[in-house]
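Close look at the chain arrangement
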Amino acid sequence: MNPYANTIITTSLIMGPLLTISSNHWILAWTGLEISTLAVIPLIAKQHHPRAIEAAIKYFLTQATASTLILFSSIINAWTLGQWSITQMSNNISCTILTTALAIKLGLAPFHFWLPEVLQGTTTTTALILTTWQKLAPLSLLMMTAQSMNTPLMLTLGLTSTIIGGWSGLNQTQLRKIMAFSSIAHLGWMITILTLSPKLTLLTFYTYIAMTSTMFLMIKLLETNKISVMMTSWTKLPTLNTMMMLTLMSLAGLPPLTGFMPKWLIIQELTKQHMLIIATMMALLSLLSLFFYLRISYYTTITLPPNSTNYLQQWRHKINQKHYLALMTTLSISLLPITPTLLTAI
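Residues numbered from 1 in each chain as written. Predicted model: local features only at pLDDT ≥ 70, side-chain atom pairs only at ≥ 80, totals over all residues. Heavy atoms only, no water.

So, on to helix α4 (residues 92-106). Between its terminal C-alpha atoms α4 stretches 21 Å, which fits the 21 Å expected from 15 residues at 1.5 Å a residue. For α4, every residue scored as buried is listed here: Ser94, Cys95, Ile97, Leu98, Thr99, Ala101, Leu102, Ala103, Ile104, Lys105 and Leu106. Check the buried side of α4 and you find it contacts α2 (26-45), α3 (50-81), α5 (114-120), α7 (136-144), α8 (151-168) and α9 (175-194). For α4, the N-terminal capping position is held by Asn91, with its side-chain oxygen 3.0 Å away from the main-chain nitrogen of Ile93. (Helix = DSSP H or I, 4+ residues; strand = E, 2+ residues; numbered from the N terminus. Expected span 1.5 Å × (residues − 1). Buried < 20%, exposed > 50% of the residue type's maximum accessible area, 1.4 Å probe, protein only. Contact = heavy atoms within 4.5 Å. Polar contact = N/O pair within 3.5 Å; in protein donor to acceptor, adjacent residues only side chain to side chain.)

Below is the structure:
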């Protein structure tokens, strides 16, 4: 890619979400979202492959629809109240439209159909950006308007996302699609607790970014994109392969790993709010995600299933070590003991 174009895209990618987060006016927030969207589209389409072009078009259409709804929602609110402040959302119709628009932006169910297809059609690095950095601006808008949101609607979106994220991931063999459904399921946990405890949503988002970033960087380093390739990835870097298994278990929320912390605190908060049925459903639905994480770990570390397809042998060879992965892996699997400190910090 041209260095000048690369600089413009990178700057826009950084400045777009930051503009949305720091703004208090709906037009500025909408502008930040548009800048961020337009910066990602060239990254998706730069492969010059039909699947990449298809992914870029799908991403553009869904994000443009969501941005239109956000602008429409803010105009209705400004028409009713006479002001454009993000935190002053008191019109019910405007709040409902805004919730729908941000759900499309984030990829929440039932507006999730674009996310797995877009991630499958792009590179691992761009998929990492889409599942972490690009979630920051829409989630910040949800945080700023949380006091105006309809709690039953948010609980419904959260439960639906957790169900679909776990259920749809069971039948997948492509790692990027599995991570897409993992993202949908984790966003479901965040949205479920958003109106009840925004701090827990932040904590869940931070741990989600750490675990998902670590997983994508491991996939990129091992040059794997589907489960069948993962079966022979242990020949490259056995230690990294072991840490990938632990990261997957952390994503699943198994104690004593980092991923257990936000799920445990969310279930505890739902129980305190006397939402026992929802807390029980969320705990049971996490087992769906656990299954496909365990399946990847099983294929990667324990056995090779009978298969008549011949795979190219991947000999163990020296790979440039990525030192930042050591820190990220530590954050992904060992933060549970300092939970009280993290709760105090946020």
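The next point concerns unusual backbone geometry. That bond from Ala109 to Pro110 is cis: its omega, 5°, falls within 30 degrees of zero. Of note, Pro110 is situated in the loop between α4 and α5. With omega at 5°, the peptide bond leading from Pro255 into Pro256 counts as cis. At His48, a position not held by glycine, the phi torsion is positive, near 55°. As for its position among the elements, His48 is in the loop between α2 and α3. Relative accessible area serves as the criterion here: at 71%, His48 is assigned to the exposed category. At His274, a position not held by glycine, the phi torsion is positive, near 65°. When you line up the elements, His274 lands in the loop between α13 (260-272) and α14 (276-301). Since its relative accessible area comes to 70%, His274 is described here as exposed.

The domains assigned to the protein chain are domain 1 (1-110) and domain 2 (150-345). Taking only C-alpha atoms, the centre of domain 1 and the centre of domain 2 are 26 Å apart. Opposite the seven residues of domain 1 that make contact, domain 2 presents ten residues. Between domain 1 and domain 2, a total of about 700 Å² is buried, with carbon and sulfur atoms accounting for 81% of that surface. Three residues, Thr99, Leu108 and Ala109, lead the burial of domain 1 against domain 2; their summed loss comes to 63% of the area buried on that side. Here domain 1 and domain 2 share zero salt bridges between them. Run the count over domain 1 and domain 2 and you get one residue pair in polar contact (both at pLDDT 80 or more). Looking at the side of domain 1 that touches domain 2 residue by residue, the class counts come to five nonpolar, two polar and no charged. (Domains from an automatic or database assignment. Buried area = accessible area lost by both parts, 1.4 Å probe. Salt bridge = Lys/Arg side-chain N within 4 Å of Asp/Glu carboxyl O. Nonpolar A, V, L, I, M, F, W, Y, C, P; charged D, E, K, R; others polar.)

Helix-helix packing is described using two parameters, namely the angle between the two axes and the distance between the axes. With their axes 7 Å apart at the nearest point, α8 and α9 run at an angle of 160° to one another. In this view, α8 runs roughly antiparallel relative to α9, as classed from their interaxial angle. Where α8 crosses over α9, the handedness of that crossing is left-handed. The segment α8 lies against α9, with Met154, Leu155, Leu157, Gly158, Leu159, Ser161, Thr162, Ile164, Gly165, Gly166 and Ser168 engaging Phe181, Ile184, Ala185, Gly188, Trp189, Ile191, Thr192 and Leu194. When its residues are assigned to classes, the contact of α8 with α9 shows eleven nonpolar, eight polar and no charged. (Axes fitted to C-alpha atoms, helices over the stretch in contact; angles between N-to-C directions. Parallel < 35°, antiparallel > 145°, perpendicular 65-115°, else oblique. Left-handed = near helix turned anticlockwise from the far one by under 90°.)

Within this structure, the stated rule accounts for three salt bridges. Across the pair Glu54 and Lys58 runs a salt bridge whose closest N-O atoms are separated by 2.9 Å. On the criterion of helical spacing, the pair formed by Glu54 and Lys58 is a turn pair, its members being four residues apart in helix α3. One salt bridge connects Lys177 with Glu117, and the closest N-O pair in it is separated by 3.5 Å.

Looking now at the side chain of Asn77. With respect to the element layout, Asn77 can be found in helix α3. Residue class for Asn77 comes out buried when judged on its relative accessible area of 0%. Residues within four places of Asn77 in sequence aside, it is in contact with Gly82, Gln83, Ser85, Gln88, Met89, Ser90, Asn91 and Ser94.

This part takes up the packing of α9 against α13. Here α9 crosses α13 at 30°, and the two axes come no closer than 10 Å. The two elements α9 and α13 meet at a crossing, and its hand is left-handed. Mapping the contact onto sequence places Trp189, Thr192 and Ile193 in α9 and Lys263, Ile266, Ile267, Glu269 and Leu270 in α13. Looking at the contact of α9 with α13 residue by residue, the classes come out as five nonpolar, one polar and two charged.

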